[in-house]
Amino acid sequence: RRTMPAILAIAWSVSLAPGAPTAAPRAPPRPLLGPPPVPKYYAKLYHAQPADHFNAENHETFRQLYLLNATWWAGPGAPIVLYTGAEGSGIESIFAHSGWVLHLARELKAMAVFAEMRFFGESQPFVDPFEPSPRRLGLLSVEQALADYAALVNALRDAFAAWASPVVAVGGSLAGTLAFLLRAKYPSVASAALASSAPILGYVGLCDEYGWYRVATSTFEKQAPGCPAMVRAAFASLLRAAPAEVTKAFNTCSPATPATAGALAAAATDQLAALAESAYPRSTSPVVSTCAMIDPSKGVGALAPVLSNGGACINISLAEGRPRTRRLNPLGGVDHPDWAARAWLYIACTEVVHPISSNNVTDMFPSRRWSLPSLSAYCNETFGVTPRAEWLPETMGMSGGAARLSEVTSRVIFTNGRLDPWFSQSVTANVSDTIVAINIDDGAHHSDLGSPLNPWPSTSDSPSLQRARQEQLALLRQWLGVGSSAAT
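Along each chain, residues carry numbers from 1 onward, in the same order as the chain's sequence is written. Confidence filtering applies because this is a predicted model: local features only for residues at pLDDT of at least 70, side-chain atom pairs given and counted only at 80 or more, and all residues used for totals across whole chains, interfaces and linings. Computation of side-chain values: all heavy atoms of the structure, hydrogens and water removed.

Visitor: In this structure, what is going on with the confidence of the model for the protein chain? I would like to understand it.
Guide: The predicted coordinates should not be examined in detail at positions where pLDDT is low. Known as pLDDT, the predictor's confidence for each residue is given on a scale from 0 to 100. In the predicted model, the protein chain carries a mean pLDDT of 87, and the fraction of residues at 70 or more is 87%. Contacts were defined at the residue level, with two residues in contact if any of their heavy atoms lie within 4.5 Å. Within the model, the stretch residues 34-39 combines pLDDT values under 50 with 11 contacts to residues more than four positions away or in other chains. Low pLDDT (under 50) marks residues 322-337, which in the prediction has 60 contacts with non-local residues, meaning those over four places away or in another chain.

Visitor: How should the side chain of Thr177 be read in this particular structure?
Guide: Within the fold, Thr177 resides in helix 4 (residues 174-185). The buried category is assigned to Thr177, whose relative accessible area is 4%. If sequence neighbours within four positions are ignored, Thr177 has contacts with Ala198, Pro199 and Ile200. A helix here means a DSSP run of H or I that spans at least four residues, while a strand means a run of E at least two residues long, and both kinds are numbered starting from the N terminus. Throughout this description, buried means an accessible area under 20% of the type-specific maximum (1.4 Å probe, protein chains only), exposed means over 50%, and partly exposed covers the range between.

Visitor: Before we go on, may I ask you to explain the packing of aromatic side chains in this structure?
Guide: In this description, an aromatic ring pair is defined by two values, namely the gap between the centres and the angle between the planes. A pair of aromatic rings is counted whenever rings of Phe, Tyr or Trp (Trp by its six-membered ring) have centres within 6.5 Å, and the orientation is called stacked for planes under 30 degrees apart, edge-to-face for over 60 and tilted otherwise. Evaluated as defined, the whole model comprises 11 aromatic pairs. Ring centres 5.6 Å apart and planes at 45 degrees place the aromatic pair Phe180 and Phe414 in the tilted group. One end of the pair, Phe180, is in helix 4; the other, Phe414, is in strand 7 (residues 412-417), with 234 residues separating them in the sequence. Summarising the burial analysis for this pair, Phe180 and Phe414 share the class buried. Look at Tyr213 and Phe365: their rings are 4.9 Å apart centre to centre, the planes differ by 50 degrees, and that puts the pair in the tilted class. Of this pair, Tyr213 sits in helix 5 (residues 211-223) while Phe365 sits in the loop between helix 11 (339-350) and helix 12 (372-383); the two residues are 152 residues apart in sequence, bridging distant segments of the chain. Taken together, the ring pairs in this structure connect Trp212, Tyr213, Phe235, Phe365 and Trp422 into an aromatic cluster.

Visitor: Help me out: how do you make sense of helix 11 in this one?
Guide: Since there are 3.6 residues in each turn of an α-helix, residues three or four apart along the chain are aligned in direction. Along its 12 residues, helix 11 runs 17 Å from first to last C-alpha, staying within 8% of the 16 Å computed at 1.5 Å per residue. When helix 11 is considered as a whole, its buried residues turn out to be Ala343, Trp344, Leu345, Tyr346, Ile347, Ala348, Cys349 and Thr350. The inward-facing, buried residues of helix 11 contact helix 4 and helix 12. Each helix should span, by expectation, one fewer than its residue count multiplied by 1.5 Å.

Shown next, in the form of structure tokens:
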């Protein structure tokens, strides 16, 4: 989609402004299997949601945006495919690169609904949603979002006389986690779920905190052999360098200090690691193009192209945390004034707490240990909250790990790309006949649903991806009792 913040809960990082690495060139147009991306294939609608589903004394409401496409719906009794929107700039941007969801709707003769998550896009409960109080910002939670989706489904079933229509919850990344949780917590609402790149096991005690960077490094080696060795050496040179060398090599706007090398290394780590999420298709993979820019002969400045600022100097004052308005945070990146970024940070400071560390042994990045105390200090100072690192797994059924998910729910497909760092925090093996993992050998972050670099199903998609989609479709038809589509 993404663009989700590159690293969810790394207890270190920086971001430089303005500027970003050079994007990979787009490949030639790919033959489409589904409807073309234009015109917009949806009606833009709104549903009145309670601001607080769990407080009978709070009568405030807000308008939740959702997009509806009933082009292929066979009518009452036919399925509804619900995309459980999550963080980002809005549900319309997610729709624009989720072509497989529409393809599923066509094949299942289903209604497609893309629901926007509260506090994102147009679905703002309050004029100033970031007022730090339990009746304002405190209403941004996974539990409230799930209740929104349940209420929306019930409203749609009323409006379309569709109480006999089974609902498939679909989503990628955090939206995939929400799809799984909607099925688990509201089984009368969601009959099945397709959770793509959903890190439901990405919590303390349930995952290897070093796995995220290990997979990212493996992806670099697969797509650009030898690149991790170059990156590891480049980081070592940078971290050994004197401030004067750093100033010259990275064209910093002001003289480097002893802290600058570490800050630049953190920025480069953040930039590089996130590229693995977009490694499919390889023809447009930023991993390949970025590795081609790294020049070991440049020594201290080998990673400078990764942080290139279009010829302008790099503003290291942001990296070193001097401006209070955009102070560094331990979640990855810097504080950002826009609501979507702040809303995401709040979720990552309360419930969606993923431990991610690097060690420079199983990965190519400088060693940094994720720290709950560091995260807690940041979250307390920024929002006045303390992360509840074990809350979601304990209350949503993940605390027993993958092996015990069959005690929690059924009819869930977990799809993962092996190139995606989030593979390390998802369900990657079958648990039962109705909790199924489909792994895509050359897939990246929710490649099956679509991504900005590959938004629509294509005849040139890899055999591994095409097989995964067909397996998804076969399982959903079986679970929903839906035959093959004759739609054109």
